[in-house]
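Commentary on secondary and tertiary structure
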Amino acid sequence: MTASANKGFSSSFGVIMAAAGSAVGLGNIWRFPYICGKYGGGAFLLVYLFFVFLIGMSLLMCEFTVGRRTRRAPVKAYPALAGGKKGWMAIGLLGIVTCFLILSIYLVISGWTLNYFWESVTGTLFGQSGVGFDVHFGDFAAHSVHRVIFMLIFLLLGLVVILCGVESGIERLSKWLMPILLVLIVALCVRSLTLPGAAAGLDYLFHPDFSKLGGEGILAALGQSLFSLSVGMGTMVVYGSYIPADDNILKSSIWITVCDVAIAVLAGVAIFPAVFACGMEPGQGAGLVYVVLPAVFQSFEFGAQLFAILFFLLLSLAALTSAISLHETLTAFLTDAGMKRTPAAVLVAIAEGVLASAVAISFTGETALTAADRTFFDWMDYLTAYVLPPVCALLTVLFVGWIMKKDDINDELSNHGKLSTPWFDAFYHVMVRFVAPVALATVLVLGMMGYIK
Ligand code: PHE
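Keep in mind that this is a model prediction, so the values were computed, not measured. (Residues numbered from 1 in each chain as written. Predicted model: local features only at pLDDT ≥ 70, side-chain atom pairs only at ≥ 80, totals over all residues. Heavy atoms only, no water.)

Before going further, it helps to spend a moment on the packing of aromatic side chains. With the rule as written, the count across this model stands at 23 aromatic pairs. Judged by centre distance (5.5 Å) and plane angle (90°), the rings of Trp112 and Tyr290 are edge-to-face. Linking Trp112 in helix 5 (residues 89-122) with Tyr290 in helix 13 (residues 288-298), this pair joins segments that are 178 residues apart in sequence. Residues Trp112 and Tyr290 agree in their burial class; the two are buried. Pairing Tyr204 with Phe276 gives two aromatic rings, centres 5.3 Å apart and planes at 50°, and the pair type is tilted. Of the two residues, Tyr204 is situated in helix 9 (residues 199-206) and Phe276 in helix 12 (residues 249-277); the sequence distance between them amounts to 72 residues. Three or more aromatic residues link up through ring pairs in this structure, and these residues are Trp112, Tyr116, Tyr290, Phe297, Phe311 and Phe312. Directly above the ring of Phe227 sits Arg31, whose terminal nitrogen or CZ lies 4.8 Å from the centroid. Taking the ring centre of Trp402 as reference, the NZ or CZ of Arg433 above it sits at 3.9 Å. (Phe/Tyr/Trp six-rings, centres within 6.5 Å; stacked < 30°, edge-to-face > 60°. Helix = DSSP H or I, 4+ residues; strand = E, 2+ residues; numbered from the N terminus. Buried < 20%, exposed > 50% of the residue type's maximum accessible area, 1.4 Å probe, protein only. Lys NZ or Arg CZ within 6 Å of the ring centre and 35° of its normal.)

Dropping the structure here:
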């Protein structure tokens, strides 16, 4: 019996909430709205929906299948399904490296978010008359000790949840947080949509402008669909290993994907109408949430502080369950290799604390590290969003489509024949074997050629 075989999620609802907790994060609320706006609104949304339901969800089902079939973390799961051939460990190892790098960036951005939440609560976010929010963000981003402290607090919060266990920690927290998140985001949408002039924001978000999409937008849509569903790095293999034997993987995957997409779209609806209603500039890229939104909140006639608190709470909570899933993936890798859970989780926290501190202080100011005109932070972001997950995703679908036994996959997806799976042949022969690998390979090659000019 493996380390993860005797513990896991308790019910289908628990599976959906925990996996949706991983999926819904900074990617949905911070990144999706600004890249959607940048690449033509509705045009980007259509391509994103296409990728997320076809490629992203297929990958989610593949990763769940690999995890539940073997009840192992990725490094051991792939060789176990390939007749013990050790070389297949490479897919799992690549995923582990990706998770390790992503978590460091994720922690840094989550640290900013927690800091903004705290400043909203204490009122200091709005207290600096005359200082623009871009200056405030710049000051904060350049102030290393500040950045590191908030990031470490966030890391510790995640560690505590992991130490409480898979069911009593991760599943229980997600079951509470996901509904709260939905309420918070709907409240923000209502506020945003009732501002005069909100319609222009909806137009910006949904009106399909194909001239802005281009090849780059298509690449961004694929990268986003993988990142947002937390696939392509083994996280969903680990969560798959915790799925109860009688859970319907197809049903859970559909629910998780729907939750993920819904929260991303709602985030756009909460943000853009308010931005337009206040006459702000929407195309601010990554600064949208930290620079534009505080100014938007400040211009509200009533409830500026309340809405700032709600928004940054929403973002912090969403980021927390995602960071936990990355931390859990790394912990499961160590426990599957024979370590006890507590030392494993603490070791991951220490290693991430060190790496994330380095990331935090290395991208602006005097401590900035740059290579080929990009900061260390930019390189990490590029690698972890556009290169490593698609590579790992490609290897995963190739493995499931061409190496793993077809009957094993059908057996797992049909719960050993208890569920009927009339869709299986189309899913396996079309999506997993051909469409997903070809799409991933194409986008990956074109994306790398475009980035490294
Ligand atoms: N899906 C998360 C988000 O959208 C990020 C994430 C990626 C979490 C990979 C776990 C694994 O923010």
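Before going further, it helps to spend a moment on the side chain of Thr235. Within the secondary structure, Thr235 is located in helix 11 (residues 235-240). The class of Thr235 is buried, set by a relative accessible area of 1%. A polar contact of 3.2 Å, which involves the side chain of Thr235, links it to the side chain of Thr329. Setting aside chain neighbours within four positions, we find Thr235 in contact with Ser22, Glu63, Cys99, Ser230, Ser325, Leu326 and Thr329. (Polar contact = N/O pair within 3.5 Å; in protein donor to acceptor, adjacent residues only side chain to side chain. Contact = heavy atoms within 4.5 Å.)

Next up on the list: empty space enclosed by the protein. In this approach, a probe sized like a water molecule rolls over the atoms, and the result shows the empty space that is left. What the rule picks out here adds up to 5 cavities of 30 Å³ or more. Computed from the structure, the largest cavity encloses a volume of approximately 130 Å³. Lining the largest cavity are 15 residues; nearest its centre among them are Ser22, Tyr106, Phe227, Ser230 and Leu326. Counting only elements with at least two residues in the lining of the largest cavity, the list comes to helix 1 (12-23), helix 2 (26-38), helix 5, helix 10 (214-228) and helix 14 (304-336). Here the lining of the largest cavity takes 3 residues from helix 14, the largest share from any one element. (1 Å grid on protein atoms, 1.4 Å probe; cavity = no way out; pocket = protein on both sides within 12 Å on 5 of 7 lines; lining within 4 Å. Points joined across faces, edges and corners; volume = space filled by probe spheres on them.)

Time to look at the layout of surface pockets. Volume-wise, the second largest pocket comes out at about 190 Å³. Lining the second largest pocket are Met17, Ala20, Met178, Pro179, Leu182, Trp255, Val258, Cys259, Ala262 and Ile263. Residue assignment for the lining of the second largest pocket shows that the elements contributing at least two residues are helix 1, helix 8 (166-193) and helix 12. Sort the elements by how many residues they give to the lining of the second largest pocket and helix 12 lands first, with 5 residues.

Moving on to unusual backbone geometry. The backbone phi angle of Arg71 is positive, close to 55°, even though this residue is not glycine. Examined against the element boundaries, Arg71 turns out to sit in the loop between helix 3 (42-70) and helix 4 (74-81).

Once that is clear, we can look at the pattern of salt bridges. Per the counting criterion, the structure on display carries 8 salt bridges. A salt bridge links Asp411 to Arg69, with the shortest nitrogen-to-oxygen separation between them at 2.8 Å. A residue pair is termed long-range when its members are at least 10 positions apart, and Asp411 in helix 17 (residues 406-413) and Arg69 in helix 3 qualify at 342 residues. For Arg69, a relative accessible area of 26% puts it in the partly exposed group. Between Arg72 and Asp336 there is a salt bridge, with the nearest N and O atoms lying 3.0 Å from each other. Linking Arg72 in the loop between helix 3 and helix 4 with Asp336 in helix 14, this pair joins segments that are 264 residues apart in sequence. Among the residues examined, Asp336 registers a relative accessible area of 9% and is labelled buried. Each of Arg68, Arg69, Asp408, Asp411 and Glu412 takes part in one network of salt bridges that share partners. (Salt bridge = Lys/Arg side-chain N within 4 Å of Asp/Glu carboxyl O.)

On to the site of the ligand, then. Inspection of the region around the ligand gives 15 residues, with Ala23, Gly27, Tyr106, Phe227 and Ser230 positioned closest. In this structure, a nitrogen atom belonging to the ligand sits 3.3 Å away from a main-chain N or O atom of Ser22. Contacts to the ligand include Tyr106, whose side-chain N or O atom sits 2.6 Å from an oxygen atom. The protein chains hide 100% of the 320 Å² of surface that the ligand would expose on its own. Under a 2 Å grid-point criterion requiring more than half of the atoms, the pocket assigned to the ligand is the largest cavity. Per-class residue counts for the shell around the ligand are 6 nonpolar, 9 polar and no charged. (Near = heavy atom within 4 Å. Areas by Shrake-Rupley, 256 points an atom, 1.4 Å probe, with all protein chains shown as cover. Sits in = over half its atoms within 2 Å of the grid points. Nonpolar A, V, L, I, M, F, W, Y, C, P; charged D, E, K, R; others polar.)

The next point concerns the environment of Cys189. With respect to the helices, strands and loops of the structure, Cys189 is situated in helix 8. For Cys189, a relative accessible area of 6% translates into the label buried. Spatially, the C-alpha atoms of Cys189 and Leu314 are 13 Å apart, while their sequence positions differ by 125 residues. Beyond its immediate sequence surroundings of up to four residues, Cys189 is in contact with Leu266, Val269 and Ala270.

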